[in-house]
Each structure stands twice: as C-alpha cells, then as structure tokens.
Amino acid sequence: MKKLLFFGILITTISSCATEKLNLSPLTSNFYSESKGSDNRTGSGKSFEINIKKNVNASEISNLISTFPTFKSNSINEEVTNLKYSLQNYLYAIESNNIAGRNRSIKSFEKSYKKIQKLRTGLGKDDDEVLNRYLVRLKTNISVIEDSLKGN
C-alpha cells in the first residue's frame, strides 16, 4: 500500500510540474551574436540592424524551415534542402550584420527557388499546391524583412 501511495504521489508530482516548451527552431540562442553596432564584418561603411529574435517574419521563416514537407521527388527534396540552408544563412547573416553574407544567401535562395519552380512540374496537384503555399509564404516573409532593412 505504501508503494502504491508513493508511486501515486511521484506520478502526480512529475506530471504537474511545469515544463518549458521545446524549441524546434533552427535558430537557437547559441547562434546569436550579442555584439551590435560597431562590429561591421563586411569592411564597407554600410550597416543594417534588425532584431531577428523579435521579428515575426524571421520567426515564420524559421518555422517554415522546420515544417517543410518531404516530397516524392528526390530532386525536389534535395533542392528544398539547399533552399533551407540558404534561408538559415540569410537569417544568421542578418543577425550578425553581415551584408555580404546576406547578399550571397539571397542569391542562393533565388537560385534554389527557380530550380524548384522548374522541377515542380512533375509533382501531383496536391503536392504542387503544398509546395506553392510554402514558397509563397517564404518569399513574402523575405520581402517584408528586406523592406524593413531598407527602411533603416
């Protein structure tokens, strides 16, 4: 009887404790640079600043990267992987105030985007609609971030 009471209390205690929500985002606090302002890694006089941690569009991009579906076509899946890496590099470059890195990752994103557009002709209707939905959301969020950077 004592064992049953002990396990009952133990299970109640463990299950009632608050736990922190698991962060599945590819951007974790380990990747953020705390230095801002005077640290200019490109060598040019231009600088931009955006708080990627608090930017809703960056969070949406990060979420889309982690939830991107897998398709039946291996070539599309490979290009989607390249697209994800480009987007991660884009977010990291913005956070670290790296203009050259941002430009390289945008070009890489555009290259992957165009290649995916060519490859998607072989997809079924449902897969094509899902892929299109993700691509439109990614492009929209990047456009909003780029517009906010130009406004600074």
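This write-up is about the structure you can find in this document. (Residues numbered from 1 in each chain as written. Predicted model: local features only at pLDDT ≥ 70, side-chain atom pairs only at ≥ 80, totals over all residues. Heavy atoms only, no water.)

**Some remarks on the overall build of the protein chain**
- Counting its regular elements, the protein chain contains five helices and zero strands.
- For the protein chain, the α and β elements follow one another from N to C terminus as α-α-α-α-α.
- Once local pairs closer than 6 in sequence are excluded, the contacts in the protein chain between residues at least 24 apart make up 73%. (Helix = DSSP H or I, 4+ residues; strand = E, 2+ residues; numbered from the N terminus. Contact = heavy atoms within 4.5 Å.)

**Some points on helix H4 (residues 99–119)**
- For H4, built from 21 residues, the straight-helix expectation of 30 Å at 1.5 Å per residue is met to within 8% by its first-to-last C-alpha distance of 30 Å.
- When we look at burial in H4, the residues that qualify are Ile-99, Gly-101, Arg-102, Ser-105, Ile-106, Phe-109, Ser-112, Tyr-113 and Ile-116. Axial view of H4: buried residues confined to an arc of 145°, hence all on one face. With respect to the buried face of H4, the exposed residues turned more than 90 degrees away are Arg-104, Lys-107, Lys-111, Lys-114 and Lys-118.
- As for H4, its buried residues are in contact with helix H3 (74–95) and helix H5 (125–151). (Expected span 1.5 Å × (residues − 1). Buried < 20%, exposed > 50% of the residue type's maximum accessible area, 1.4 Å probe, protein only. Arc of directions from axis to C-beta.)

**Topic: a nonpolar patch on the surface**
- On the surface, Phe-6, Phe-7, Leu-10 and Ile-11 cluster together into a nonpolar patch covering about 410 Å² of accessible area.
- Residue placement: Leu-10 occurs in helix H1 (residues 2–16).
- You can call Leu-10 partly exposed: its relative accessible area is 34%. (Patch = residues over 30% accessible without salt bridge, like charges linked within 9 Å, V, L, I, M, F, W, Y side chains within 5 Å. Areas by Shrake-Rupley, 256 points an atom, 1.4 Å probe, with all protein chains shown as cover. Salt bridge = Lys/Arg side-chain N within 4 Å of Asp/Glu carboxyl O.)

**Quick notes on the environment of Gln-117**
- Positionally, Gln-117 belongs in helix H4.
- Relative accessible area serves as the criterion here: at 28%, Gln-117 is assigned to the partly exposed category.
- Note: C-alpha distance between Gln-117 and Asn-132 (15 residues apart in sequence) is 9.0 Å.
- Looking at Gln-117, its side chain comes within polar contact range of the side chain of Arg-120, at 2.8 Å. (Polar contact = N/O pair within 3.5 Å; in protein donor to acceptor, adjacent residues only side chain to side chain.)

**Observations regarding the side chain of Arg-102**
- In this structure, Arg-102 sits in helix H4.
- At a separation of 2.9 Å, a polar atom in the side chain of Arg-102 contacts the side chain of Glu-146.

**Some points on H3**
- With 22 residues, H3 should reach 32 Å at 1.5 Å per residue; the first-to-last C-alpha distance of 32 Å fits that figure.
- In the stretch just after H3, Asn-97 is the one whose phi turns positive, near 60°.

**What about the packing of aromatic side chains?**
- Scanning the entire structure with this criterion turns up two aromatic pairs.
- For the pair Phe-68 and Tyr-134, a centre-to-centre distance of 4.8 Å together with 50° between the ring planes defines the contact as tilted. Taken together, the residues span a long stretch of sequence, with Phe-68 in the loop between helix H2 (56–67) and H3 and Tyr-134 in helix H5 at a distance of 66 residues.
- Consider the rings of Phe-109 and Tyr-113, whose centres lie 5.8 Å apart with planes at 40°: the pair is tilted. Taken as a pair, Phe-109 and Tyr-113 lie in helix H4 at a separation of four residues, close to a single helical turn. (Phe/Tyr/Trp six-rings, centres within 6.5 Å; stacked < 30°, edge-to-face > 60°.)

**Here we look at the pattern of salt bridges**
- What the rule picks out here adds up to four salt bridges.
- The shortest N-O distance in the salt bridge between Arg-120 and Asp-128 comes to 2.6 Å.
- For Arg-120, a relative accessible area of 12% corresponds to the buried category.
- Note on Asp-128: relative accessible area 23%, which makes it partly exposed.

Remember that the coordinates give geometry; whether it matters functionally is a separate question.
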